[in-house]
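The primary structure of each chain is shown beneath.
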Amino acid sequence: MVQKSETIWFDGKQVPWDEANVHVLTHTLHYGVGVFEGIRAYKCADGGSAVFRLREHMQRLLNSAKILRMVIPYTVDQLVDAVEETLKRNKLAEGYIRPLSFVGAGAMGVYPGDNPVQTIIATWPWGAYLGAEALEHGIRVKTSSFCRHHVNAMMTKAKACGNYVNSVLAKMEAKADGYDEGLMLDTQGYVSEATGENIFIVRGKLIKTTPLTSVLDGITRNSLITLARELGYEVVEQQFTRDELYIADEAFFCGTAAELTPIREVDLRVIGQGTAGPVTKHLQGEYFKAVKGENPAYAHWLHRYTI
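Remember, predicted model here, so these are calculated numbers, not experimental data.

**A closer look at the layout of surface pockets**
Where empty space is left becomes clear once a probe the size of a water molecule has been rolled over the atoms.
Part 1 of the argument: A volume near 920 Å³ is recorded for the largest pocket.
Part 2 of the argument: In terms of lining, the largest pocket is formed by 41 residues, of which the most central are Phe36, Lys159, Tyr164, Thr195 and Gly196.
Part 3 of the argument: Among the elements of the structure, α2 (54–67), β6 (95–103), α5 (164–176), β10 (191–194), α6 (219–230) and β14 (250–255) are those that each provide at least two residues to the lining of the largest pocket.
Part 4 of the argument: With 6 residues, α5 is the largest single contributor of residues to the lining of the largest pocket.
Part 5 of the argument: Here the lining of the largest pocket is built from residues that sort into 19 nonpolar, 15 polar and 7 charged.
Part 6 of the argument: Two domains each provide a minimum of three residues to the lining of the largest pocket, namely domain 1 (7–124) and domain 2 (132–291).
Part 7 of the argument: Counted as a void, the second largest pocket has a volume near 430 Å³.
Part 8 of the argument: Every residue lining the second largest pocket is counted, 16 residues in all, and those nearest its centre are Val33, Leu68, Arg69, Met70 and Pro112.
Part 9 of the argument: Within the lining of the second largest pocket, the residues separate by chemical class into 12 nonpolar, 3 polar and 1 charged.

**Let's talk about the domain arrangement of the protein**
Part 1 of the argument: Looking at the protein, the domain boundaries give domain 1 (7–124) and domain 2 (132–291).
Part 2 of the argument: Computed over C-alpha atoms, the centres of domain 1 and domain 2 are 26 Å apart.
Part 3 of the argument: On the side of domain 2, 19 residues touch domain 1, which itself brings 20 residues to the contact.
Part 4 of the argument: In total, about 1,700 Å² of surface goes out of reach between domain 1 and domain 2, with carbon and sulfur atoms giving 64% of it.
Part 5 of the argument: Our enumeration of links across domain 1 and domain 2 arrives at 1 salt bridge.
Part 6 of the argument: For Arg40, the salt bridge goes to Glu259, with nearest N and O atoms at 3.7 Å.
Part 7 of the argument: Connecting domain 1 to domain 2 are 11 residue pairs in polar contact (both at pLDDT 80 or more).
Part 8 of the argument: Elements with a minimum of two residues in the side of domain 1 that touches domain 2: β3 (34–36), β4 (39–43), α2 and β6.
Part 9 of the argument: With 5 residues, the single largest contributor to the side of domain 1 that touches domain 2 is α2.
Part 10 of the argument: Of the residues contributing to the side of domain 1 that touches domain 2, the split by class is 10 nonpolar, 5 polar and 5 charged.

About the cut-offs
Residues numbered from 1 in each chain as written. Predicted model: local features only at pLDDT ≥ 70, side-chain atom pairs only at ≥ 80, totals over all residues. Heavy atoms only, no water. 1 Å grid on protein atoms, 1.4 Å probe; cavity = no way out; pocket = protein on both sides within 12 Å on 5 of 7 lines; lining within 4 Å. Points joined across faces, edges and corners; volume = space filled by probe spheres on them. Helix = DSSP H or I, 4+ residues; strand = E, 2+ residues; numbered from the N terminus. Nonpolar A, V, L, I, M, F, W, Y, C, P; charged D, E, K, R; others polar. Domains from an automatic or database assignment. Contact = heavy atoms within 4.5 Å. Buried area = accessible area lost by both parts, 1.4 Å probe. Salt bridge = Lys/Arg side-chain N within 4 Å of Asp/Glu carboxyl O. Polar contact = N/O pair within 3.5 Å; in protein donor to acceptor, adjacent residues only side chain to side chain.

Shown next, in the form of structure tokens:
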């Protein structure tokens, strides 16, 4: 269960958590046309707090809305200020941040007409998405029977609410079969991404990740590509198949919620030694240094605030 905070920012006002409600005929509730972000705030080594790549997340929210022809009546600066205000109001030195813009009530039909676009920002405490143990020992993964959306069927560069019906189905299937996560292939049969994470594989010193042709442009993905290259690794964005994943030395998922989670098994094939490998551990350690303000080279990724 989500741990309640005191308030949620709702169209410019701080509203008590239990009063942040919408009508049952809210358009997005019926048709899925909405956009959202997942963002984390971390306690830093110097005792302060920071939101990781906040501006980039808010710009992506606006970009997603543009793709769906939604007009969010706020700027990046206003949304950034709203996040900081909400974290402070809820006295959260670290936690998860969920902005969501959706089409409100009004016209009831597929065409949203002049229905208002509403925006909320919720914040709450949240630990490791796939479990604290998963960050250390890795997870078991099943290739889903559900493909990642084709680029002409859905807007795959938008972090759109409706896109995640695909993810929910894949996740439920994986959990029902006893796995931690589902892996989706694209419509050509190449590895795409998980239900809410991008994927990387490691073979020797080469790190490979799916190109942006068939995945969401993950901000954590982008961060890890930058980190890995600056640490001296070769990183390529290239399609790869399921069987190439099976024989990888290491593999891991990444995302705001999942952070950097090792994969120990896929489709009953053990990956590498069946635990987090040295490259994965190296990148995981450097990623946490960056998000917690321990590496000044990445200070520009942090939006600092104090409670």
